[in-house]
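# Close look at the chain arrangement
If you want the building blocks of each chain, they are given just below.
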Amino acid sequence: MTYAITQTCCSDATCVAVCPVNCIHPTPQERAFGSTEMLYVDPKSCIDCGACADACPVDAIFPVDSLPAVQAGYAAINEAYFAGQEPDPVGTGPNFHHWSAPSFERSLPSDFAPIRVAVVGTGPAGMYAAEDLLLHTNAEVTLVDRLPVAGGLVRYGVAPDHPATKKVGDTFARFHDHPRVRMHLGVEIGKDITAQELAAHHDAVVYAVGASTDRRIGVPGEELPGSISATSFVAWYNAHPEVAPDAVDLSSERVVVVGNGNVALDVARILVADPSALAGTDIADHALAALRASKVREVALLGRRGPEHAAYSASELLALKHLPGVELVVDDHDPRTGATIDGAAPDEKAGLLRDVTRETVDWSRTPGPGRRIVLRFHSAPVQVLGDDAVRAVRVTGGKGELDIPAGTLLRAVGYRGAPVAGLPFDEATGTVPHEGGRVTGMPGTYVVGWIKRGPSGGIGANRACAAETIGTLLDDAVAGALPAPSPAPKAFLRLARSRSRHVVDAKGLAAIDRAEIARGRDGGRPRVKFGTVPELIAAAKGGRWKLPG
């Protein structure tokens, strides 16, 4: 028996570090690391010890003989990655595979003095940075977030029907009450406290603020009511306090989604999923109620290029193929689509669509009974039609342009970083200019995550990104290049509380967690999130909150 890595792989390589026979690849030392969709277990060298499964933060690794039917294909996917590959010779000795030389990236001088580091943002990038500092140095870490609750995209970006992925939050949560951590949630840098003031209280500041806005598709009518960014839609069903419960209208029978990345597949899946299946998740109450009353029966996914260039991962497509009660269809309007699918290898993205129904969709007809998702490749929007709201989307493809009637358009063409007050900003890339994470022209200031490298890579990609940034920071610290803070350590707490009326600390965050879990307990749900800032603050203070009715 061997183990296999499955859909929820986060690629942070925790499993690689514990494998005793080096059978999980690509490793962080290999060129392919970060460019593959997931990590893979070599079935020929796996010794069935289970160490990787125990270490996996997102429950993505299982014995092959216990894979459920919907994930059985991952045994072949793992094996296919190693097809034709042979391990490097190791000479004599007990090891089956070549091991790279050990490295000690956090080797610091014995007299290295404690430094104070602020991390702005408590999503994966920020928490990987904090973890690196806390595990490998004697630094004191100040965690700052503009929302009164921690988590970032783990809390507000992961789809509710992917609970295993959310478990990485438990890994980060163990550092929230670390003895060298001070937490200040509900404090916005650039509004409550300036970047300069934050820097004055710390040796270094690491910004992990992500990419909070969406990219535009740049067509007429994009601003019509009913045209929504996937960023907002995802925040809506995850109970983000900055998106109103009535922000999404699901009264039309068809929704057009522009884009075919993983976020596009997420929103399409949520739109047509059985609400009863979502009722056991942490989806926002208002979103669950809206989906129960929804009239949406069909979602059209537009991909500018062919199926061989689709931006979604193979694992997300496989999940879509096994969605109960939902038909997956490929619009056969362009002969290139079918030819590509038929000519693709079984393990290629296009090849995974070979057993999917193909038909030339008549978009002038109203959606039929049942629920379905239609993948329309070689098609792009050119105009959003409507007077006071979205009525249809004019698209390319086939013999020319056509109009797809729809009452909602979801733009899922990528995230984009926003300027950070007090920091330089590159408008072309939507990132902060940096060198190895060090902000250009600002000693002691660093960036990590999407605001550093752009909106690419999943949760695990932030681990290597954080390692680079923290390595640069520590090099500067050893070289004496960090500006020394002038105020005493506790002065920042007084400043934060003087500027923000409701600062939430680690105890307050724990109170929010307990309250949300208690709200979900009676309904058999992992938690019911508070969806407004006042509710979150009240829960943090142990105040009264209303049970869902």
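Conventions and cut-offs
Residues numbered from 1 in each chain as written. Predicted model: local features only at pLDDT ≥ 70, side-chain atom pairs only at ≥ 80, totals over all residues. Heavy atoms only, no water. Axes fitted to C-alpha atoms, helices over the stretch in contact; angles between N-to-C directions. Helix = DSSP H or I, 4+ residues; strand = E, 2+ residues; numbered from the N terminus. Parallel < 35°, antiparallel > 145°, perpendicular 65-115°, else oblique. Left-handed = near helix turned anticlockwise from the far one by under 90°. Contact = heavy atoms within 4.5 Å. Nonpolar A, V, L, I, M, F, W, Y, C, P; charged D, E, K, R; others polar. Buried < 20%, exposed > 50% of the residue type's maximum accessible area, 1.4 Å probe, protein only. Pairing = 2+ DSSP bridges. Disulfide = S-S within 2.5 Å. Polar contact = N/O pair within 3.5 Å; in protein donor to acceptor, adjacent residues only side chain to side chain. Salt bridge = Lys/Arg side-chain N within 4 Å of Asp/Glu carboxyl O.

## A word on the packing of helix α9 (residues 230-237) against helix α10 (residues 262-272)
In the contact formed by α9 and α10, the axes pass within 10 Å of each other and the chain directions differ by 50°. One way to sum up the angle between α9 and α10 is to call them oblique. The crossing of α9 and α10 is left-handed. For the pair formed by α9 and α10, the contact residues are Ala-230, Phe-233, Val-234 and Tyr-237 on the first element and Val-263, Asp-266, Val-267, Ile-270 and Leu-271 on the second. Residues belonging to the contact of α9 with α10 are distributed by class as follows: eight nonpolar, no polar and one charged.

## Some words on α9
Among the eight residues in α9, seven count as buried, and that is most of the element. Buried within α9 are the following residues: Ala-230, Thr-231, Phe-233, Val-234, Ala-235, Trp-236 and Tyr-237. Residue Ala-239 follows α9 closely and has a positive phi angle near 65°.

## Topic: the sheet that holds strand β12 (residues 298-302)
The pairing of strands in a sheet comes from backbone hydrogen bonds and takes either a parallel or an antiparallel form. Taking strand neighbours across the sheet as the criterion, the seven strands line up as β10-β19-β11-β12-β15-β13-β14 in an open arrangement whose pairing is parallel. Strands at the two margins of the open sheet, each flanked by one partner only, are β10 (227-229) and β14 (357-359). Recorded for the sheet is a direction-independent mean angle of 25° between the axes of neighbouring strands. Where β12 and strand β15 (residues 371-376) come together, five bridges link them in parallel fashion. By the bridge assignment, Leu-301 is partnered in β15 with Leu-375.

## With respect to the state of the cysteines
Across all of its chains, the model carries zero disulfides by this definition. Considering cysteine sulfurs only, Cys-49 is the nearest to Cys-52, which forms no disulfide, with 6.2 Å between them. Cys-465 takes part in no disulfide bond, and the closest cysteine sulfur, belonging to Cys-10, lies 15 Å away. On the basis of relative accessibility, which here comes to 7%, the residue Cys-465 falls in the buried class.

## What about the side chain of Arg-376?
Positionally, Arg-376 belongs in strand β15. A polar contact of 2.8 Å, which involves the side chain of Arg-376, links it to the side chain of Asp-331. Looking at Arg-376, its side chain comes within polar contact range of the main-chain oxygen of Thr-396, at 3.2 Å. Not counting the four nearest positions on each side in its chain, Arg-376 is found in contact with Leu-301, Leu-302, Gly-303, Asp-331, His-333, Trp-363, Val-395, Thr-396, Gly-397, Leu-402 and Ile-404.

## Digging into the pattern of salt bridges
Any two side chains of opposite charge can pair if their charged atoms end up close together. Summed over all chains, the structure comprises 32 salt bridges. In this structure, Asp-214 engages Arg-411 in a salt bridge whose closest nitrogen and oxygen atoms are separated by 3.3 Å. One end of the pair, Asp-214, is in strand β9 (residues 213-214); the other, Arg-411, is in strand β19 (residues 408-411), and 197 residues separate them in sequence. Note on accessibility: Asp-214 and Arg-411 belong to one class, buried. In this structure, the salt-bridge partner of Glu-298 is Arg-254, at a minimum N-O distance of 2.6 Å.

## A few points about unusual backbone geometry
His-25 connects to Pro-26 through a cis peptide bond whose omega is -5°. Its location among the elements puts Pro-26 in the loop between β2 (24-25) and β3 (40-41). Phi at Ser-11 takes a positive value of approximately 60°, unusual for a residue other than glycine. The residue Ser-11 is located in the loop between β1 (3-5) and α1 (14-18) in this model. Overall, the relative accessible area of 17% leaves Ser-11 in the buried class. Notably, Asp-48 is not glycine yet its phi reads approximately 60°, a positive angle. Among the secondary structure elements, Asp-48 is positioned in the loop between β3 and α2 (51-55).

## Here's the deal with the pairing of strand β17 (residues 392-395)
Strand direction decides the pairing type here: strand β16 (residues 381-385) and β17, joined by four bridges, are antiparallel. Residue pairing in the sheet places Val-384 in a bridge with Val-393 of β17. Connecting β16 to the next strand, β17, in antiparallel fashion are six residues, including Gly-386 with a positive phi near 150°. Alignment of β17 against strand β18 (residues 402-405), held across four bridges, turns out to be antiparallel. Looking at the pairing, Ala-392 lines up with Pro-405 of β18.

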